[in-house]
There are 2 protein chains.
Amino acid sequence: MGEFMTETQQSPLSAVEGPRPDQGPAPVGRHGPPDGQEAAVILERARASVDPELRRAVESLPASTRRIALYHFGWQHADGTPAAGNPGKAIRPALVLAAAGALGGHRTTAVRAAAAVELVHNFTLLHDDVMDRDATRRHRPTAWAVFGDADAVLAGDSLQALAHRLLADDPHPASSAAAARLASCVVELCAGQHADTVMERRGPDDITLDEVLAMAEAKTGALLGCACALGALYAGADEAEVEALDAFGREAGLAFQFIDDVIGIWGDPTRTGKPAGADLMARKKSLPVVAALTADTQAAAELTELYRLPYRDGDLERTILAVERAGGRDWAQTQAADRMARALDHLSCAVPDPEAAGGLLSLAEYVTRRSE
Amino acid sequence: MGEFMTETQQSPLSAVEGPRPDQGPAPVGRHGPPDGQEAAVILERARASVDPELRRAVESLPASTRRIALYHFGWQHADGTPAAGNPGKAIRPALVLAAAGALGGHRTTAVRAAAAVELVHNFTLLHDDVMDRDATRRHRPTAWAVFGDADAVLAGDSLQALAHRLLADDPHPASSAAAARLASCVVELCAGQHADTVMERRGPDDITLDEVLAMAEAKTGALLGCACALGALYAGADEAEVEALDAFGREAGLAFQFIDDVIGIWGDPTRTGKPAGADLMARKKSLPVVAALTADTQAAAELTELYRLPYRDGDLERTILAVERAGGRDWAQTQAADRMARALDHLSCAVPDPEAAGGLLSLAEYVTRRSE
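Cut-offs and rules
- Residues numbered from 1 in each chain as written.
- Chains lettered and ligands numbered in written order.
- Predicted model: local features only at pLDDT ≥ 70, side-chain atom pairs only at ≥ 80, totals over all residues.
- Helix = DSSP H or I, 4+ residues; strand = E, 2+ residues; numbered from the N terminus.
- Buried ≥ 20, exposed ≤ 12 C-beta atoms within 10 Å, placed from the backbone.
- Contact = placed C-beta atoms within 7 Å.
- Nonpolar A, V, L, I, M, F, W, Y, C, P; charged D, E, K, R; others polar.
- Least-squares fit on C-alpha atoms with pLDDT ≥ 70 in both.
- Axes fitted to C-alpha atoms, helices over the stretch in contact; angles between N-to-C directions.
- Left-handed = near helix turned anticlockwise from the far one by under 90°.
- Arc of directions from axis to C-beta.
- Parallel < 35°, antiparallel > 145°, perpendicular 65-115°, else oblique.
- pLDDT = per-residue confidence, 0-100.
- Core = buried A, V, L, I, M, F, W, Y, C linked by C-beta atoms within 7 Å.

Visitor: Help me get a handle on the overall build of chain A, residues and values and all.
Guide: Counting its secondary structure elements, chain A contains 17 helices and 2 strands. Buried residues in chain A amount to 58% of all 372 residues. Once local pairs closer than 6 in sequence are excluded, the contacts in chain A between residues at least 24 apart make up 76%.

Visitor: Please set out the interface of chain A and chain B residue by residue, giving values where relevant.
Guide: Taken together, the contact between chain A and chain B spans 32 residues of the former and 32 residues of the latter. Looking at the side of chain A that touches chain B element by element, the count peaks at 13 residues for helix H8 (residues 175–201) of chain A. Among the residues forming the side of chain A that touches chain B, the class breakdown is 17 nonpolar, 11 polar and 4 charged.

Visitor: Let's hear about the relation of the copies chain A and chain B: which residues, and what values?
Guide: Of the transformation placing chain A onto chain B, the axial shift is 0.0 Å and the rotation is 180°, giving an RMSD of 0.0 Å. Seen this way, the second copy is the image of the first under a two-fold rotation axis. Comparing interface residues between copies, 100% of those in chain A also lie at the interface in chain B; the contact surface is shared.

Visitor: Any chance you could break down the packing of helix H9 (residues 209–234) of chain B against helix H10 (residues 239–266) of chain B for me, citing the residues and the numbers?
Guide: H10 of chain B packs onto H9 of chain B with a crossing angle of 145° between their chain directions and a minimal axis gap of 7 Å. The crossing of H9 of chain B and H10 of chain B is right-handed.

Visitor: Before we move on, can you summarise the environment of Pro204 of chain B with the specific residues and values?
Guide: All names here are of chain B. Topologically, Pro204 is positioned in the loop between helix H8 (175–201) and H9. The buried category is assigned to Pro204, around which 20 C-beta atoms lie within 10 Å. Remark: the alpha-carbon pair of Pro204 and Lys285, spanning 81 residues in sequence, is separated by 7.9 Å. Not counting residues up to four positions away in its chain, the partners in contact with Pro204 are Leu293, Thr304, Tyr307 and Arg308.

Visitor: Talk me through helix H14 (residues 298–308) of chain A; I want residue IDs and the actual numbers.
Guide: Residue and element names in this part refer to chain A. All of the buried residues along H14 are Ala300, Leu303 and Tyr307. Each buried residue of H14 lies within a common arc of 60° when the element is viewed along its axis, so the set occupies one face. Residues of H14 that are exposed and angled more than 90 degrees away from the buried face: Gln298, Glu305 and Arg308. Those residues of H14 hidden inside the fold are in contact with helix H13 (287–293) and helix H15 (315–325).

Visitor: Help me get a handle on the packing of helix H4 (residues 91–102) of chain B against helix H17 (residues 354–367) of chain B, residues and values and all.
Guide: Residue and element names in this part refer to chain B. Following both chains from N to C, one finds H4 and H17 inclined at 155°, their axes separated by 7 Å at the closest point. With respect to their mutual orientation, H4 and H17 come out roughly antiparallel. As for the relative orientation of H4 and H17, their crossing is left-handed in sense. Contacts between H4 and H17 pair Ile91, Ala94, Leu95, Ala98, Ala99, Gly101 and Ala102 from the former with Ala356, Ala357, Gly359, Leu360, Leu363 and Val367 from the latter. Residue classes in the contact of H4 with H17 are distributed as 11 nonpolar, 2 polar and no charged.

Visitor: Residue-level account of the confidence of the model for chain A, with values.
Guide: Residue and element names in this part refer to chain A. Summing up the model confidence of chain A, the mean pLDDT is 88 and the portion of residues at 70 or higher is 88%. Taking the mean pLDDT of every element in chain A, the minimum, 36, falls on helix H1 (residues 12–15) and the maximum, 98, on helix H7 (residues 149–168). This stretch, residues 1–33, has a pLDDT under 50; its non-local contacts, to residues over four places away or in other chains, come to 71 contacts. In the model output, the complex is listed with pTM 0.90 alongside ipTM 0.90.

Visitor: Go over the nonpolar core with me, naming the residues and quoting the values.
Guide: Leu182 of chain A together with Leu182 of chain B are the most contacted members of the largest nonpolar core, which has 256 residues in total. Ignoring any residue separated from it by four or fewer positions in sequence, one finds Leu182 of chain B in contact with Ala116, Val117, Val120, Ala163, Leu167, Cys226 and Leu230 of chain B.

Visitor: Break down H15 of chain A for me, with residues and values.
Guide: Residue and element names in this part refer to chain A. Taken as a whole, H15 has its buried residues at Thr319, Ala322 and Val323. Projected down its long axis, H15 shows its buried positions confined to an angular sector of 100°, all on one face. Exposed residues pointing more than 90 degrees away from the buried face of H15 are listed as Glu317 and Arg318. Residues of H15 that are buried make contact with helix H10 (239–266), helix H12 (278–281), H13, H14 and helix H16 (328–350).

Visitor: Lay out unusual backbone geometry in plain terms, naming residues and giving numbers.
Guide: The backbone phi angle of Arg138 of chain A is positive, close to 50°, even though this residue is not glycine. Along the chain, the position of Arg138 of chain A falls in the loop between strand S1 (136–137) and strand S2 (140–141). Residue Arg138 of chain A is classed as partly exposed on the basis of its C-beta count, with 15 C-beta atoms lying within 10 Å. Despite not being glycine, Arg133 of chain B shows a phi value in the positive range, around 55°. Tracing the sequence through the fold places Arg133 of chain B in the loop between helix H5 (111–132) and strand S1 (136–137).

Visitor: How would you sum up the environment of Ala232 of chain A? Please name residues and give values.
Guide: Residues and elements named next belong to chain A. Among the secondary structure elements, Ala232 is positioned in helix H9 (residues 209–234). Take Ala232: there are 32 C-beta atoms within 10 Å of it, and that puts it in the buried class. Taking the C-alpha atoms as reference, Ala232 lies 7.8 Å from Val96; in sequence the two are 136 residues apart. Sequence-distant contacts of Ala232, defined by excluding residues within four places in its chain, comprise Ala99, Leu103, Ala237, Glu241, Val242 and Leu245.

Laid out in structure tokens, this is it:
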């Protein structure tokens, strides 16, 4: 999935030049408009809470793998000199801490769990970048591009181990249950990445909508759900609450993925910071594209023909139009709204008090408003 | 490190055509000669105890990554049809169970820990084979050679996660301490593999003996030490006993590596199953080779010149002779004996009763008697 990064925030309304998708039922009892300011504060606080724990874990690595991890987190340049650090927007740690708070726990008790989730996220980024041959991450060359594949894989392996060590060392009574849940999440993330690599190799008429939805849930939804579930566990929540928080995070994660994919095609490149239609040119099988490919229309057939061949100059407008005409854009926007509504349902089950749920609501709104 | 595999057992005396290295002080109070029969029984029992737990963990994976793991463990052919299974000799699980028994624990309580160690071992094999481009493992094509790099990396990632989940789910009071220790061991294994990949790229006059010793300890000693330490933890041992067992396993692991490297050069190819001098032809920087390269003799200089260039037909005899003349063989054999003596010292500190220590002694002898 994309990173929740440093790009300028924009609402789907401005990013997507079309009718604003129905965002589902408006969260009840919110104070003031959901303008992202509250989320920004929550994210900043989460980053400030988690960074020392994260940094301590990474500093504990032996020199050889530490160097790669410090580079990946933006704390060092490739030559080993200190850098300002740009480890992303801390959305997952923020979800852990907000979930703990929403269920009556104290956020500080869940800081190690939040750091563990962030370590797992970064382990998957290191490995996924190797497999996907992505050369840029957080506006810098990826770790494999600087240090080579082996070093990036070993740094990722080490971060996974550090995540589990943080929880194993945590005396909190929920730490074992959290560790088991995080380990299961890693298994799911790997299956999601596997599905992604397999689908990349397949032809455009050889992918089902169910497959791409399952992939998006495993790759994107699983860790956001796990983050919320871990926060609930650390607050001493019961099983039903933990599962509801997991479902909330999963659905919010899927809503994010739909919006992210829509913005990737119809977003304003001057605001997203990515060249217009880069994903289409790379023939990526994003959610709106697969929805369009699997529609039984003339536009779907045209899109399939276009996707059979590598991108050629001048194809972009036709490709965008085919996805739109085959219904890919409308479907993705409807799905995003639907997933967001489901997320809010799950949240209100576990946390009926809108005041208590406020932080999680802000974060869910944030991830579906962001641009890439 | 090499696998403790299905090759015919042979003593260093028969494998290494030279004076038998001094094996250090003979273990006291042993019943009958250390002929490997006792170890074979212990290994077989460990395999039988751990396999159901291991198989259950692997079967819990999603279909996509499960297929790769089942192939790696030899439980499936590449096409997904069932296979007899050949997951190696179970030396690490056997060490966990034997250590638990030696310190008064019941071996059955440590079965999950033993399976976790075996999962970590197999995760590193999957990843190391990708990095080292090793095409064969346990007499079959490696997972990356069959399924590709991405699949092998993802299967390895999943096995690491399964290892941590086994311990997180284990209600035994030592499971958290064991999980923290296993996670730290993974960090060390990664650093060892990193050192290995770095040294492979360096020239023959750019490697120190300290480096190659540290690499061997991290890559080979760490997990054998961790296996013994986990067994001790599960037996409720105190910190000093746990550390002594870790040191025992580490030193035995290093002794193994010295013998393994000696056999790799001077072993009988008809018994080792590997072509004579394959490691030398590949210009591998094994322990005897680095000892020879860093000796300040004429033979060392000749070896350095030979190692600067890729192998050419006819070089093998000269290379073997240069390693031997520069003292690489004698040094490695002395080191193996020395490490074994240290291992036994550590063991007798923690387990003074030779009867109780018998299983661990048999396993230590086994790993330093094996052939590759």
